[in-house]
Amino acid sequence: MKLKVDQDKCIGCGACVSTCPNVFDFNDEGLAHVIVDEVKDEDKENAMDALKSCPTDAIEEVKE
Ligand code: SF4
């Protein structure tokens, strides 16, 4: 699974970074971004929780 954060929608609330720090971190602009190319199996549940909990729906799954 691949994820991305829409930088135009992210408000930098930090919820995803708290929920799943293995996948999300802040960039230099204080917005969240995805730090892994492929989400590992053991991180998928937390990553999906973060996706569903994002207040601005900024996290999207990248379909290939
Ligand atoms: Fe940005 Fe959504 Fe993460 Fe908050 S939860 S930092 S709005 S991507």
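Because the structure is predicted, anything quoted here is derived from the model rather than measured.

## Points about the overall build of the protein
Move 1: Helix and strand counts for the protein come out as 2 helices and 4 strands.
Move 2: Along the first, second and third principal axes, the C-alpha set of the protein runs to 30 × 25 × 20 Å.
Move 3: Across the protein, contacts joining residues at least 24 apart in sequence account for 56% of those joining residues at least 6 apart.
Move 4: Carbon and sulfur atoms make up 44% of the accessible area of the protein, which totals about 4,100 Å².

## A short note on the pattern of salt bridges
Move 1: Applying the stated criterion to the full structure yields 5 salt bridges.
Move 2: A salt bridge links glutamate 60 to lysine 4; the shortest N-O distance between them is 3.6 Å. Within this pair, whereas glutamate 60 is found in strand β4 (residues 59–62), its partner lysine 4 is found in strand β1 (residues 2–5), the two being separated by 56 residues in sequence.
Move 3: The class of glutamate 60 is partly exposed, set by a relative accessible area of 25%.
Move 4: On the basis of relative accessible area, lysine 4 is assigned to the partly exposed category, the value being 42%.
Move 5: A salt bridge links lysine 44 to aspartate 41; its shortest N-O distance comes to 3.1 Å. Of this pair, lysine 44 and aspartate 41 both sit in helix α2 (residues 41–53), 3 residues apart, which is roughly one turn of that helix.
Move 6: Take lysine 44: its relative accessible area is 29%, and that puts it in the partly exposed class.
Move 7: Here the salt bridges do not stand alone but share partners, grouping Lys2, Asp37 and Glu38 into one network.

## As for the environment of proline 21
Move 1: Tracing the sequence through the fold places proline 21 in the loop between α1 (15–19) and β2 (24–26).
Move 2: Each C-alpha atom, one on proline 21 and one on isoleucine 35, is 9.1 Å from the other, the two residues being 14 residues apart in sequence.

The rules we used
Residues numbered from 1 in each chain as written. Predicted model: local features only at pLDDT ≥ 70, side-chain atom pairs only at ≥ 80, totals over all residues. Heavy atoms only, no water. Helix = DSSP H or I, 4+ residues; strand = E, 2+ residues; numbered from the N terminus. Contact = heavy atoms within 4.5 Å. Areas by Shrake-Rupley, 256 points an atom, 1.4 Å probe, with all protein chains shown as cover. Salt bridge = Lys/Arg side-chain N within 4 Å of Asp/Glu carboxyl O. Buried < 20%, exposed > 50% of the residue type's maximum accessible area, 1.4 Å probe, protein only.

The values reported here are purely geometric and, on their own, carry no functional implication.
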